[in-house]
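Overview (structure and organization)
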Amino acid sequence: MWLIRGSRKRVPPGCGVGKPLLMDPATDGAAQTVFEVCAKGTPGSHEPGAYDSGRVDVSEPASISLGIAARYASALFDLAREGGALKALEADATALSETLAASEELRGVIASPVISREDQGRVIAAIGAKLGLNTLTANTLALMADKRRLFVLPQFATQLTDLIAAEKGEVTAEVTAARALTAAQSKKLAETLKARVGKTVKLKTTVDESLIGGLVVKLGSTMIDTSVKAKLAALQNAMKEVG
């Protein structure tokens, strides 16, 4: 099981068991204590000193899920930055996001309260091996599986991407288009947004044909909606007021 020792001091990898140390973020409450986590014993065992977090209600409010994801992402980001592994972490975050988006089955596995932590751990370990994830990332996912926190994996990947972008002086714009943007269109949009915010802008683009035409751009707290769908809705509302 995972042996927990409360500490606010970061210590180097090793922990005396030949495995990299993981920094388990504070529990889901308000406390901010960071824990040293060492792999010891067998997950699910009842050996002395073992800590068992039990099952988790995966229907927890989105704000709580986001908070959990942010703490795990922040802990992993700090370790990767100190170890000079941010480039590898960025690739891991992208790979995880793309895999989650493409696999409904995986999303079901990590969200299910019925599937055991052991089975979830085996699934995420197999995916990590297939994607070639960095050791720090793979160990963090193993910890999240053991704590039954894999249900926040989508938010976790997004948080990692945001942290890395901020470190590089970048911001991410979520762009929804009626049809796929060409390379020239994407470049032009990124340049336009950069001129507006004064930072390099990375585009995260999805396609929604129901927009009919145009774009919806979300950049931080700003929403820019130039879609035909929005214009038609505005026209419809205007007609109702006239009538």
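Below, the discussion takes up the overall build of the protein chain. Of regular secondary structure, the protein chain possesses eight helices and seven strands. In the protein chain, which comprises 243 residues, the proportion classed as buried is 33%. Sequence-distant contacts in the protein chain: of pairs separated by 6 or more residues, those separated by 24 or more amount to 71%. Counting every atom, the protein chain has about 13600 Å² of accessible surface; 57% of that belongs to carbon and sulfur.

The terminal C-alpha atoms of helix α4 (residues 117-131) lie 21 Å apart, and with 15 residues this matches the ideal 21 Å at 1.5 Å per residue to within 8%. All of the buried residues along α4 are Arg-117, Gln-120, Ile-124, Ile-127 and Gly-128. The arc that holds the buried residues of α4, viewed along the axis, is 100°, so those residues lie on one side. Those residues of α4 that are exposed and aimed more than 90 degrees away from the buried face are Arg-122, Ala-129 and Lys-130.

Enumeration according to the criterion identifies six salt bridges in this entry. When the shortest N-O distance is used, the salt bridge between Glu-90 and Lys-168 registers 3.2 Å. Taken together, the residues span a long stretch of sequence, with Glu-90 in helix α2 (residues 86-102) and Lys-168 in the loop between α6 (153-167) and β4 (170-177) at a distance of 78 residues. In this structure Glu-90 comes out as partly exposed when scored by relative accessible area, which is 21%. Several salt bridges converge on common partners, so that one network encompasses Glu-90, Lys-168, Glu-170 and Lys-202.

Time to look at the side chain of Glu-170. The topology assignment puts Glu-170 in strand β4. When sequence neighbours within four positions are dropped, the list of residues in contact with Glu-170 reads Ala-165, Thr-200 and Lys-202.

What follows concerns the sheet that holds strand β7 (residues 222-225). Taken together, four strands build an open sheet; the order of strands is β5-β4-β6-β7 and the sheet is mixed. The sheet is open, and its two edges are formed by β5 (200-207) and β7, each paired on a single side. Sheet twist, expressed as the average angle between the axes of neighbouring strands with direction ignored, equals 20°. On top of the sheet, helix α7 (residues 183-197) reaches β4, β5, β6 (215-219) and β7; it is set at about 135° to β5, its chief contact.

One recurring pattern in soluble globular proteins: nonpolar side chains tend to sit buried together. Core analysis: the biggest nonpolar cluster contains 32 residues, and Leu-89, Leu-141, Met-144, Leu-153, Phe-156 and Leu-160 have the highest contact counts within it. When residues in this core are grouped by element, the largest group, eight residues, is from helix α1 (residues 62-82). Setting aside its immediate chain neighbours within four residues, Phe-156 contacts Ala-69, Tyr-72, Ala-73, Leu-76, Leu-96, Thr-140, Leu-141 and Met-144. In terms of nonpolar packing, the next biggest core, distinct from the first, is built from nine residues, Ala-177, Leu-215, Val-217 and Leu-219 among them.

Right, let's get into α1. The terminal C-alpha atoms of α1 lie 30 Å apart, and with 21 residues this matches the ideal 30 Å at 1.5 Å per residue to within 8%. Where α1 is concerned, the buried positions are Ser-65, Ile-68, Ala-69, Arg-71, Tyr-72, Ala-73, Ala-75, Leu-76, Phe-77, Asp-78, Leu-79 and Ala-80.

Let us now look at the confidence of the model for the protein chain. Looking at the protein chain, the pLDDT average stands at 78 and 74% of residues meet or exceed 70. In the model, residues 1-24 has pLDDT below 50 throughout and makes 86 contacts with residues more than four positions away in sequence or in other chains. Contacts from residues 26-59, a stretch scored under 50 in pLDDT, to residues over four places away or in other chains number 94 contacts.

Glancing now at the environment of Asp-119. With respect to the helices and strands, the residue Asp-119 is situated in helix α4. By relative accessible area, which is 34% here, Asp-119 ends up partly exposed. Sequence separation between Asp-119 and Ala-145 is 26 residues, and the spatial gap between their C-alpha atoms is 8.9 Å.

Here the focus is the pairing of β6. Taking burial as the measure, the five residues of β6 include four buried ones, the bulk of the element. Two elements, β6 and β7, share four bridges in a ladder whose sense is antiparallel. In the sheet register, Val-216 faces β7, and the bridge partner there is Asp-225. Linking two consecutive strands that pair antiparallel, namely β6 and β7, is a turn of two residues; a positive phi of about 65° is found at Gly-220 within it.

Once that is clear, we can look at the packing of helix α3 (residues 104-111) against α4. The interhelical angle for the contact between α3 and α4, taken along N-to-C directions, is 140°, at an axis separation of 10 Å. Between α3 and α4, the crossing angle belongs to the class labelled oblique. For the element pair α3 and α4, the recorded crossing hand is left-handed. In this structure, α3 uses Leu-106, Val-109 and Ile-110 to contact α4, whose residues at the interface are Gln-120, Val-123 and Ile-127.

The rules behind these values
- Here the residue index of a chain counts from 1 through its sequence in written order.
- Selection of residues for local features in this predicted model requires a pLDDT of at least 70, selection of side-chain atom pairs for listing and counting requires 80 or more, and totals for whole chains, interfaces and linings are taken over all residues.
- Water and hydrogen atoms play no part in the side-chain values, which are based on all heavy atoms of the structure.
- Here a helix means four or more residues in a row that DSSP labels H or I, a strand means two or more in a row labelled E, and each is numbered from the N terminus.
- Three exposure classes are used, based on accessible area relative to the maximum for each residue type with a 1.4 Å probe and protein chains only: buried under 20%, partly exposed in between, and exposed over 50%.
- A contact between two residues is defined here by any heavy atoms of the two lying within 4.5 Å.
- A 1.4 Å probe and the Shrake-Rupley method give the accessible areas. Residues count as covered only by the protein chains that appear here.
- By this rule the span expected of a helix is its residue count minus one, scaled by 1.5 Å.
- Note: the arc covers the axis-to-C-beta directions of the helix.
- The rule for a salt bridge is simple: a side-chain nitrogen of Lys or Arg has to be within 4 Å of a carboxyl oxygen of Asp or Glu.
- Any two strands with at least two DSSP bridges between them are considered paired.
- Inter-axis angles, ranging from 0 to 180 degrees, are taken between N-to-C directions of lines fitted to C-alpha atoms, where helices are fitted over the stretch in contact.
- The set of buried Ala, Val, Leu, Ile, Met, Phe, Trp, Tyr and Cys residues whose side-chain atoms join them within 4.5 Å is what this entry labels a nonpolar core.
- As a per-residue quantity, pLDDT reports the predictor's confidence and falls between 0 and 100.
- Any angle from 65 to 115 degrees is called roughly perpendicular, while one under 35 is roughly parallel, one over 145 is roughly antiparallel, and all others are oblique.
- Whether a crossing is left-handed or right-handed is set by the direction in which the near helix is turned from the far one by less than a right angle, anticlockwise for left-handed and clockwise for right-handed.

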